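A structural walkthrough
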Amino acid sequence: GEDVEQSLFLSVREGDSSVINCTYTDSSSTYLYWYKQEPGAGLQLLTYIFSNMDMKQDQRLTVLLNKKDKHLSLRIADTQTGDSAIYFCAEYTGTASKLTFGTGTRLQVTL
Amino acid sequence: GAVVSQHPSWVICKSGTSVKIECRSLDFQATTMFWYRQFPKQSLMLMATSNEGSKATYEQGVEKDKFLINHASLTLSTLTVTSAHPEDSSFYICSANRISESSDTQYFGPGTRLTVL
C-alpha cells in the first residue's frame, strides 16, 4: 500500500534555504505534488513534478526527485516569514486515481 | 488559475442535526471531486471520491449513509454530514480535479470547519 512520510518540523532563519524531505513507497506514482497549508486554511498547490523528471525549478522553489530511492524534496530559497506553514507532499497513482498525502512538515521561519 | 470554493467556511451545530457543505469549482469543470477530513495537526484523509452523475466511491471505514455525497453538476459537489455527533467535528476539505493536456491536478477548497456541540 501507499505510505508517505515526512519530517514533522523544520526551523530555519529568514533568508536561509529550507529543504523539506518526503519519502514514498508506491513505485507506480505518476505525479508528485507539494502543497502548502496555512493555519485554518485549505491547501495551496505549490508545484508538482512528473515521475519521469528528476528536477523542476519554479522561482524560489526547487523540487528534486530520486525515483530509485523514492525520495522527493522541496527546497525553498531565501525563506521568508510568509513561508511559515505546513507543507504536504502527495503522490498520485493513476491506478488508484487518488492522492496520498504525507504526514506534513511544519516549517517555522525565525528572524 | 483554478479556484475551488467551499461554503460555509465554519459551522457550529447541535448534536443530531445534519450539515451540508458545498464545494464548487469556479473557473473549470470537474468530473471528479474529492472530500477529505483533517484532524488537528494531522494529514488529510481521503473520505470519498465524488463522480459527476454517479455514486461516490467511499474509502474503507467511511460510512456512506452518514456522509452523503452528491455531485449533481460539473461544478458542484455537496457533502452532508447526517445526524452529526461531536466526534464528527473536524476540518473538511474538498478538491476538484482539473485535467489539462499537460497535467492532472487537484485544486483544493479553503476548507470547512465543523464543530458539533
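On a predicted model such as this, the values are computed, not experimentally measured, just so you know.

**Regarding the pattern of salt bridges**
A complete count under the given rule lists six salt bridges over all chains for this structure. The partner of A:E38 in a salt bridge is A:K36, with the nearest N and O atoms 3.8 Å apart. Residue class for A:E38 comes out partly exposed when judged on its relative accessible area of 36%. Between B:R24 and B:E22 there is a salt bridge, with its nearest N and O atoms 3.4 Å apart. Taking the relative accessible area as the measure of exposure, B:R24 reaches 33% and is therefore partly exposed.

**Some remarks on the environment of B:G109**
Assignment of secondary structure puts B:G109 in the loop between β10 (104-108) and β11 (112-116). Look at B:G109 and you get buried, because its relative accessible area is 2%. Linking B:G109 and B:S9, residues 100 residues apart in sequence, is a C-alpha distance of 9.8 Å. Not counting chain neighbours up to four residues away, the residues in contact with B:G109 comprise A:G42, A:L43, B:V4, B:Q6, B:I93 and B:C94.

**With respect to the sheet that holds strand β7 (residues 67-73) of chain B**
All names here are of chain B. Spatial ordering of the open sheet is given by β1-β3-β8-β7, a layout of four strands whose pairing is antiparallel. Either end of the sheet is taken by a strand with one partner, and the two such strands are β1 (4-7) and β7. Neighbouring strand axes in the sheet, compared pairwise and without regard to direction, differ in orientation by 15° on average.

**Concerning the packing of aromatic side chains**
Overall, the coordinates contain 15 aromatic pairs over all chains when judged by the stated rule. Measuring from ring centre to ring centre gives 6.4 Å for B:F67 and B:Y92, while their planes differ by 40°; the resulting arrangement is tilted. One end of the pair, B:F67, is in strand β7; the other, B:Y92, is in strand β9 (residues 90-99), and 25 residues separate them in sequence. Note on accessibility: B:F67 and B:Y92 belong to one class, buried. Across from the ring centre of A:Y48, 4.0 Å away, lies the NZ or CZ of A:K56, which sits over that ring.

**Observations regarding the pairing of β11(B)**
All names here are of chain B. By the alternation rule, side chains of β11 split into T112, L114 and V116, which are all buried, and R113 and T115, of which none is buried. Pairing of strand β2 (residues 10-13) with β11, which is carried by four bridges, proceeds in the parallel orientation. Note on β11: the bridge partner recorded for W10 is R113. In this sheet, β11 lies alongside β9 in antiparallel orientation, the contact comprising three bridges. Looking at the pairing, F91 lines up with R113 of β11.

**Concerning the nonpolar core**
Among the nonpolar cores identified, the biggest contains 25 residues, and B:W35, B:F67, B:L79, B:Y92 and B:L114 are the most heavily contacted of them. Counting 20 residues, the second largest nonpolar core, distinct from the first, contains A:C22, A:L32, A:L65 and A:Y87.

**Structural notes on the side chain of A:D83**
All names here are of chain A. Mapped onto the secondary structure, D83 falls in the loop between β8 (71-76) and β9 (85-93). According to the relative accessible area criterion, D83 is buried, its value standing at 7%. For D83, the side chain forms a polar contact with the main-chain nitrogen of Q80, separated by 2.7 Å. Discounting chain neighbours no more than four positions away, the residues touching D83 are K36, R60, I76, D78, L107 and V109.

**Section: the environment of A:L61**
Residues and elements named next belong to chain A. Along the chain, L61 turns up in strand β7 (residues 61-66). Relative accessible area serves as the criterion here: at 15%, L61 is assigned to the buried category. Each C-alpha atom, one on L61 and one on D78, is 9.7 Å from the other, the two residues being 17 residues apart in sequence. Dropping the residues within four chain positions of it, L61 is found in contact with L46, K56, L74, R75 and I76.

**Some thoughts on the pairing of strand β4 (residues 29-37) of chain A**
Residues and elements named next belong to chain A. Burial of β4 is extensive: eight of the nine residues sit out of reach of the surface. Bridge count between β4 and β9: eight bridges; the pairing is antiparallel. Among the inter-strand pairings, K36 is bridged to a residue of β9, identified as Y87. Pairing analysis gives seven bridges linking β4 to strand β5 (residues 43-50), with the strands arranged antiparallel. By the bridge assignment, Y33 is partnered in β5 with Y48.

Rules used in this analysis
- Residues numbered from 1 in each chain as written.
- Chains lettered and ligands numbered in written order.
- Predicted model: local features only at pLDDT ≥ 70, side-chain atom pairs only at ≥ 80, totals over all residues.
- Heavy atoms only, no water.
- Salt bridge = Lys/Arg side-chain N within 4 Å of Asp/Glu carboxyl O.
- Buried < 20%, exposed > 50% of the residue type's maximum accessible area, 1.4 Å probe, protein only.
- Helix = DSSP H or I, 4+ residues; strand = E, 2+ residues; numbered from the N terminus.
- Contact = heavy atoms within 4.5 Å.
- Pairing = 2+ DSSP bridges.
- Axes fitted to C-alpha atoms, helices over the stretch in contact; angles between N-to-C directions.
- Phe/Tyr/Trp six-rings, centres within 6.5 Å; stacked < 30°, edge-to-face > 60°.
- Lys NZ or Arg CZ within 6 Å of the ring centre and 35° of its normal.
- Core = buried A, V, L, I, M, F, W, Y, C linked by side-chain atoms within 4.5 Å.
- Polar contact = N/O pair within 3.5 Å; in protein donor to acceptor, adjacent residues only side chain to side chain.

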